[in-house]
Amino acid sequence: MARHITAITDLTTGEIDELITKARDIINHPDRYQDACRRKKLATLFYEPSTRTRLSFEAAMIELGGHVLGFSEAASSSAAKGESVADTVRTVCCYADIIAMRHPKEGAPTVASLHATVPVINAGDGGHNHPTQTLTDLLTIQMEKGRLGNMTVGLCGDLKFGRTVHSLITAMCRYPGVNFVLISPEELKVPSYVKIPLKKDSVPYTQTTSLTEVLPDLDILYMTRVQRERFFNEDDYIRLKDSYILTPEKMELAKKDLSVLHPLPRVNEISVAIDQDPRACYFRQALYGKFIRMALILKLLEVDA
Ligand code: NCD
């Protein structure tokens, strides 16, 4: 039976720790892994735009000595002719050993997993989940902070539609001593289903509309883009898109060892002047995404160096 990753909860915290350890070993000894996936093929089925997720998956497989195939937009696949996800996946299983799928519909990778004989990885499904971005975020926090618990984590921006935030909250509430500060406009608050594990395990969290008020308390600031493509109404997007803009002046309020993360792409929510600030981690984060995906591919294909 193939093992699928459709949500971050498909991995135990022990397995996440192992993936982080493996990614760090790959960073330190890339040559050891260069043939680990020889003759294996990764299919990237991307029905939605992507830069980092798709290219880091593909770079990951290439650096493991494997090959990649796939499509980067629904329009160039048979979805444009009306083919179902189930039929596409049944077909791709004839050609590939592992699948990474991004889809605008929530749950599409789960549907795919029900019809797949090879591992399916959710590379982002609508406004729902993005487990491999969370693995990327956790590796980044571990590398920057040297720990995953005992910290105050601020999540700022579009917490309603931002799938990376949903998966990150779900993962981080499993580590002890994490305190969440949820910073968003009223209309873009975290959906209530995402808060269920916080309530169940009495994980402390506060909700606010003000970034500047809470910035001095944060160890991690996770900025997000307002998800234009998920809005029903362009006027609402225009009204909300610049709710938070992190500037060098605001960074003066923050701790000296704050880590600023962003899944990217950035639109306007972090001033480019902050890119020079050593607290800005988001481009290092993009690099870590490749290494953690290498670790995940190795795990799901059950191969090692
Ligand atoms: C994110 C996504 O696709 O959800 N990007 C990514 O995978 N790094 C964030 C976003 O698009 O805003």
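Conventions adopted
Sequence order sets the numbering: in each chain, residues are counted from 1 along the sequence as written. Local features in a predicted model are, by the rule used here, given only for residues with pLDDT of at least 70; side-chain atom pairs are given and counted only at 80 or more, and totals for whole chains, interfaces and linings are based on all residues. Only hydrogens and water are set aside when side-chain values are computed; all heavy atoms of the structure are taken into account. Numbered from the N terminus, helices here are DSSP runs of H or I no shorter than four residues, and strands are runs of E no shorter than two. Every radius of gyration here is taken over C-alpha atoms, with the globule rule written as 2.2 Å times N^0.38, N being the number of residues. Under the scheme applied here, a residue whose accessible area is under 20% of the maximum for its type counts as buried, over 50% as exposed, and between as partly exposed, the area being computed with a 1.4 Å probe on protein chains only. In this analysis, two residues are considered to be in contact whenever any of their non-hydrogen atoms come within 4.5 Å of each other. Calculation of accessible area relied on Shrake-Rupley with a 1.4 Å probe; when residues are assessed, cover is drawn exclusively from the protein chains displayed. Neither His nor the chain ends contribute to the count of charged residues, in which Lys and Arg are positive and Asp and Glu negative. Lysine's charge is taken at NZ, arginine's at CZ, aspartate's at CG and glutamate's at CD. Picture the helix axis, draw a direction to every C-beta atom, and the arc is the one those directions span. N or O atoms within 3.5 Å of each other form a polar contact, as long as, within protein, one can give a hydrogen and the other can take it, and as long as residues adjacent in sequence are counted only when both atoms are side-chain atoms. Take the buried Ala, Val, Leu, Ile, Met, Phe, Trp, Tyr and Cys residues and link them wherever side-chain atoms come within 4.5 Å; each set so joined is a nonpolar core. Boundaries between domains were set according to an automatic or database domain assignment. Note on terms: buried area is the combined drop in 1.4 Å-probe accessible area of two parts once they are placed together, counting the loss on both. One side-chain nitrogen of Lys or Arg within 4 Å of one carboxyl oxygen of Asp or Glu is enough to make a salt bridge. In this analysis, rings of Phe, Tyr and Trp, with Trp reduced to its six-membered ring, are considered paired at centre separations within 6.5 Å, and the interplanar angle assigns stacked below 30 degrees, edge-to-face beyond 60, and tilted for intermediate values. The rule is short: NZ of Lys or CZ of Arg within 6 Å of the ring centre and within 35 degrees of the ring normal puts a charge over the ring. Note on terminology: near, applied to a residue and a molecule or strand, indicates that one of the residue's heavy atoms is within 4 Å of it. Being paired, for any two strands, means DSSP has found at least two bridges between them. Here the term right-handed applies to a crossover when the path leading from its first strand over the helix to its second strand runs clockwise, the strands being oriented away from the viewer.

Engineer: I tried to follow the overall build of the protein on my own but got confused; where do I start?
Structural biologist: On a plain count of helices and strands, the protein comes out with 11 helices and 9 strands. Since a compact globule built from 305 residues should have a radius of gyration of about 19 Å, the 19 Å found for the protein is in line with a globular shape. Across the 305 residues that make up the protein, the buried fraction comes to 55%. Partitioning the contacts of the protein with sequence separation of at least 6, the portion at a separation of at least 24 is 74%. Counting every atom, the protein has about 13,200 Å² of accessible surface; 51% of that belongs to carbon and sulfur. Taken together, the 37 basic and 38 acidic charged side chains of the protein have centroids lying 2 Å from each other.

Engineer: Explain helix H3 (residues 85-92) here, please?
Structural biologist: Helical periodicity: at 3.6 residues per turn, an α-helix aligns residues three or four positions apart in one direction. Buried within H3 we find Val-85, Ala-86, Thr-88, Val-89 and Val-92. Down the axis of H3, the buried side of the element spans an arc of 165°, and every buried residue falls inside it. For H3, the secondary structure elements touched by its buried residues are strand E1 (41-46), strand E2 (67-71), strand E3 (98-103) and helix H4 (108-114).

Engineer: Looking at this structure, I do not really get the side chain of Ser-56. What am I missing?
Structural biologist: Tracing the chain through its elements places Ser-56 in helix H2 (residues 52-63). Judged by relative accessible area, which is 8%, Ser-56 ranks as buried. Here the side chain of Ser-56 touches Arg-52 through a polar contact of 2.7 Å, landing on its backbone oxygen. Sequence-distant contacts of Ser-56, defined by excluding residues within four places in its chain, comprise Thr-51, Gly-289, Lys-290 and Arg-293.

Engineer: What's the story with the nonpolar core in this structure? I'm lost.
Structural biologist: As a rule of thumb, nonpolar side chains are buried together in soluble globular proteins. The biggest cluster of nonpolar side chains holds 58 residues, and the ones touching the most others in it are Leu-138, Leu-155, Ile-169, Met-172, Phe-180 and Ile-297. Here this core takes 10 residues from helix H11 (residues 282-301), the largest share from any one element. Of the residues that make up this core, three or more belong to each of domain 1 (8-130 + 289-300) and domain 2 (132-286). Of all hydrophobic cores here, the second largest spans 20 residues; its members include Cys-156, Val-181, Ile-270 and Ile-274.

Engineer: Looking at this structure, how should I read the domain arrangement of the protein?
Structural biologist: When the parts of a complex come together, some accessible area is lost, and that lost area is often taken as the interface size. Domains assigned within the protein are domain 1 (8-130 + 289-300) and domain 2 (132-286). Computed over C-alpha atoms, the centres of domain 1 and domain 2 are 24 Å apart. At the interface, 33 residues of domain 1 touch 27 residues of domain 2. A combined buried area of about 2,400 Å² lies between domain 1 and domain 2, and 59% of that area is made up of carbon and sulfur atoms. Applying the counting rule to domain 1 against domain 2 returns 2 salt bridges. Here Glu-48 ties to Arg-230 by a salt bridge, and the two come within 2.8 Å at their closest N and O atoms. Here domain 1 is connected to domain 2 by 15 residue pairs in polar contact (both at pLDDT 80 or more).

Engineer: Whenever I open this one, the packing of aromatic side chains confuses me. Can you help?
Structural biologist: For any pair of aromatic rings, geometry is given as the distance between the ring centres together with the angle between the planes. For the coordinates displayed, the defined rule picks out 4 aromatic pairs. On the numbers, 5.2 Å between centres and 90° between planes, the contact of Tyr-47 with Phe-71 is edge-to-face. On the criterion of sequence distance, the pair formed by Tyr-47 in the loop between E1 and H2 and Phe-71 in strand E2 is long-range, its members being 24 residues apart. For Tyr-47, a relative accessible area of 10% corresponds to the buried category. Given the relative accessible area of 13%, Phe-71 is considered buried. Above the face of the Phe-57 ring, Arg-293 is positioned so that its terminal group lies 5.1 Å from the ring centre.

Engineer: Please clarify how the site of the ligand should be interpreted in this entry.
Structural biologist: Within the structure, the ligand sits among Thr-53, Arg-102, His-130, Gln-133, Arg-163, Thr-164, Arg-225, Gln-227, Pro-263, Leu-264 and Pro-265. In the environment of the ligand, a nitrogen atom lies 3.1 Å from a nitrogen or oxygen atom belonging to the side chain of Gln-133. Taking Pro-263, its main chain carries an N or O atom lying 2.9 Å from a nitrogen atom of the ligand. Bound to the protein, the ligand loses 94% of the 320 Å² it would expose on its own.

Engineer: Looking at this structure, I do not really get the pairing of E2. What am I missing?
Structural biologist: Within a regular strand, side chains alternate between the sheet's two faces. Here E1 pairs with E2 via 5 bridges, running parallel. Across the sheet, the residue bridging to Thr-44 is Gly-70, located in E2. With H2 bridging E1 and its parallel neighbour E2, the resulting β-α-β unit is right-handed.

Engineer: Looking at this model, I keep getting lost on the pattern of salt bridges. Mind explaining?
Structural biologist: A side chain of one charge can pair with a side chain of the opposite charge if their charged atoms are brought near each other. Summed over the entire model, instances satisfying the criterion amount to 20 salt bridges. For Asp-25, the salt bridge identified is with Arg-32, shortest N-O distance 3.9 Å. Its relative accessible area of 24% is what places Asp-25 among the partly exposed residues.

Engineer: Could you clarify how one ought to interpret the environment of Lys-189 in this entry?
Structural biologist: Residue position: Lys-189 is located in the loop between strand E6 (178-183) and helix H7 (192-200). What makes Lys-189 partly exposed here is its relative accessible area of 30%. When the C-alpha atoms of Lys-189 and Lys-160 are compared, they prove to be 5.2 Å apart, with 29 residues separating the residues in sequence. Excluding residues that lie within four positions of it along the chain, Lys-189 makes contacts with Leu-159, Lys-160, Ser-184 and Gln-207. A polar atom in the side chain of Lys-189 sits 3.4 Å from the side chain of Glu-186.

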